[in-house]
Amino acid sequence: MTTKENIINHLNEHNNITHDFLKSNSLLSLGEYFGFDDICYKNQNKLNYLYNQKILCSLVKELNDRKIGYIAFKGICLAEMLYDNPVDRKVGDIDLYVEYDNHCRVIKILNRLGINKENENECEYDHHIVLTNSKALIELHKNILNPCINIDETYLKNNTSVVYINKTPIVTFSLTATILHLIYHLYMDSWFLAGSLYNIYATKIVLKAGRFLYRAYEIALYSEKYFKEINWNDVEEDIRHQKLCLVFKKMMRDILEIFPNAFPDSFAQMILQLEYVDAEE
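Residues numbered from 1 in each chain as written. Predicted model: local features only at pLDDT ≥ 70, side-chain atom pairs only at ≥ 80, totals over all residues. Heavy atoms only, no water.

A.B. asks: What is the right way to look at the packing of aromatic side chains in this model?
C.D. replies: Centre-to-centre distance and the angle between the planes together describe a pair of aromatic rings. Scanning the entire structure with this criterion turns up 10 aromatic pairs. Between Phe-263 and Phe-267, the ring centres sit 4.8 Å apart and the planes meet at 50 degrees, which makes this aromatic pair tilted. As far as burial versus exposure is concerned, Phe-263 and Phe-267 are alike and both buried. Here the aromatic cluster, defined as three or more aromatic residues joined through ring pairs, consists of Phe-227, Trp-232, Phe-263 and Phe-267. Over the ring of Tyr-100 we find Lys-142, and its NZ or CZ is 4.4 Å from the ring centre. (Phe/Tyr/Trp six-rings, centres within 6.5 Å; stacked < 30°, edge-to-face > 60°. Buried < 20%, exposed > 50% of the residue type's maximum accessible area, 1.4 Å probe, protein only. Lys NZ or Arg CZ within 6 Å of the ring centre and 35° of its normal.)

A.B. asks: Please explain the packing of helix H3 (residues 39-65) against helix H5 (residues 103-112) as it appears in this structure.
C.D. replies: Axes are the key here: two packed helices are described by the angle between their axes and the distance separating the axes. Between H3 and H5, the least distance of the axes is 11 Å, while the angle of their chain directions is 135 degrees. Overall, the two elements H3 and H5 adopt an arrangement that is oblique. Between H3 and H5 lies a crossing of right-handed hand. Contact residues: Leu-59, Glu-62 and Leu-63 in H3; Val-106, Ile-109 and Leu-110 in H5. Its residues assigned to classes, the contact of H3 with H5 shows five nonpolar, no polar and one charged. (Axes fitted to C-alpha atoms, helices over the stretch in contact; angles between N-to-C directions. Helix = DSSP H or I, 4+ residues; strand = E, 2+ residues; numbered from the N terminus. Parallel < 35°, antiparallel > 145°, perpendicular 65-115°, else oblique. Left-handed = near helix turned anticlockwise from the far one by under 90°. Contact = heavy atoms within 4.5 Å. Nonpolar A, V, L, I, M, F, W, Y, C, P; charged D, E, K, R; others polar.)

A.B. asks: Would you mind showing me how to read unusual backbone geometry here?
C.D. replies: For residues besides glycine, phi is generally negative; the peptide bonds are generally trans as well. A positive phi angle is found at Lys-67, which is not glycine, with a value near 55 degrees. Checked against the element boundaries, Lys-67 lands in the loop between H3 and strand E1 (71-73).

A.B. asks: In this structure, what is going on with the sheet that holds strand E5 (residues 137-141)? I would like to understand it.
C.D. replies: The five strands lie next to each other as E1-E2-E5-E4-E3, forming an open sheet whose pairing is mixed. Of all strands in the sheet, those bounded by a partner on one side alone are E1 and strand E3 (116-117). One ladder, built from four bridges, connects strand E2 (residues 94-97) with E5; its direction is parallel. The partner of Leu-96 across the bridge, within E5, is Leu-140. The sheet strands contacting H3 are E1, E2 and E5, and the helix crosses E2 at an angle near 20 degrees. (Pairing = 2+ DSSP bridges.)

A.B. asks: Any chance you could explain the pairing of strand E7 (residues 168-173) here in plain terms?
C.D. replies: As paired elements, strand E6 (residues 160-165) and E7 share six bridges and run antiparallel to each other. Each residue of the ladder has a partner; that of Ser-161, found in E7, is Thr-172.

A.B. asks: Quick question: what am I supposed to make of the packing of helix H7 (residues 175-194) against helix H11 (residues 246-258) here?
C.D. replies: At a closest axis distance of 9 Å, the pairing of H7 and H11 adopts a crossing angle of 120 degrees. As far as their axial angle goes, H11 and H7 are oblique. In this structure, the crossing between H7 and H11 has a hand that is right-handed. When H7 is examined against H11, the residues Ile-183, Leu-186, Tyr-187, Ser-190, Trp-191 and Ala-194 are found in contact with a partner set consisting of Val-247, Phe-248, Met-251, Met-252 and Ile-255.

A.B. asks: Explanation requested: helix H1 (residues 3-12) in the structure shown.
C.D. replies: Along an α-helix, a turn takes 3.6 residues, which lines up residues three or four apart on a common side. All of the buried residues along H1 are Thr-3, Asn-6, Ile-7, Ile-8, His-10 and Leu-11. The elements touched by buried residues of H1 are helix H2 (19-24), helix H9 (212-226) and H11.

A.B. asks: Quick question: what am I supposed to make of the confidence of the model for the chain here?
C.D. replies: For residues with low pLDDT, the predicted coordinates do not support detailed interpretation. Summing up the model confidence of the chain, the mean pLDDT is 90 and the portion of residues at 70 or higher is 91%. Mean pLDDT per element in the chain: helix H8 (residues 197-203) is the minimum at 50, and helix H6 (residues 154-158) is the maximum at 98. (pLDDT = per-residue confidence, 0-100.)

A.B. asks: Could you clarify how one ought to interpret H5 in this entry?
C.D. replies: The complete set of buried residues in H5 reads His-103, Val-106, Ile-107, Ile-109 and Leu-110. Down the axis, H5 shows its buried residues gathered within 160 degrees of arc, on one side only. Residues of H5 that are exposed and point more than 90 degrees away from the buried face comprise Cys-104, Lys-108 and Arg-112. Note on H5: the residue one or two positions beyond its end, Gly-114, has a positive phi of about 85 degrees. (Arc of directions from axis to C-beta.)

A.B. asks: Just to check I follow, could you spell out empty space enclosed by the protein for this structure?
C.D. replies: Summary: where empty space remains is shown by rolling a probe the size of a single water molecule over the atoms. Summed over all chains, the structure comprises six cavities of 30 Å³ or more. In this structure, the largest cavity encloses a volume near 70 Å³. Lining the largest cavity, in full, are Lys-74, Leu-78, Arg-89, Leu-182, His-185, Leu-186, Arg-215, Glu-218 and Ile-219. For the lining of the largest cavity, a count of residues per class yields four nonpolar, one polar and four charged. (1 Å grid on protein atoms, 1.4 Å probe; cavity = no way out; pocket = protein on both sides within 12 Å on 5 of 7 lines; lining within 4 Å. Points joined across faces, edges and corners; volume = space filled by probe spheres on them.)

A.B. asks: So what exactly am I meant to see when it comes to the environment of Tyr-125 here?
C.D. replies: Position of Tyr-125 relative to the elements: it lies in the loop between E3 and strand E4 (128-132). A relative accessible area of 8% means that Tyr-125 is categorised as buried. Not counting the four nearest positions on each side in its chain, Tyr-125 is found in contact with Tyr-100, His-103, Ile-107, Leu-140 and Lys-142.

A.B. asks: Would you explain the side chain of Ser-223 in this entry?
C.D. replies: Within the secondary structure, Ser-223 sits in helix H9. There is a polar contact of 2.4 Å between the side chain of Ser-223 and the backbone oxygen of Ala-262. When near neighbours in sequence (up to four residues on either side) are disregarded, Ser-223 contacts Ile-179, Ile-230, Trp-232 and Ala-262. (Polar contact = N/O pair within 3.5 Å; in protein donor to acceptor, adjacent residues only side chain to side chain.)

The structure is reproduced here in structure tokens:
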């Protein structure tokens, strides 16, 4: 069974799938299977995609001219890599990692492009800063993931490739680093939702992160598309050396419950056998 068939079957198990439900979970690209073919949404999403494309390509040209290294990720980079029609992916912000020493230079470039800090009083930040021109949002990352979750980002930063967007080469994560980032990003969302390990132990409940279905679907879809190209040994090795909380194990089980063939058998077994952090620092 394909990834798309898996999620459609999963959704069909729940009665009264509504337009609002699909929209809130960023799954309107599947709307036609449930009688919701939202032409207005598709047209607006396409316009948003083309606008983000223009902004990203202009920004990358400026960065290349000044020899400023960067990694663009998620957003339209992932859309180009993952979907047959990139505009099927819900358009959000533009995520850009740049070494912190160059942030002032990048902010000046963005200012010249008419993009300014969302909060002008924001000076210190551990994760990222948000800039906007009211039409596009750019998250300029100091760290790829929020440092609260304590992920070693060495592999992500050292493994990149190029995706072409409107004939412009854009530096993004490699195929293997991309699936690692997708997994860690959902873990980050799950970690924040859990609040604390004490909360998990006290309630015996781990809730699913917001838009869990959407993120799990993209992880499974990506794995299906690039299964043979992904270096699963690298994926397993990177996950093994991270200090992960029990939330990670629950999250991965939830993914496998919906998408049982999302990962190689050895990878799924490794997840169950990992030693997880069992006390709060």
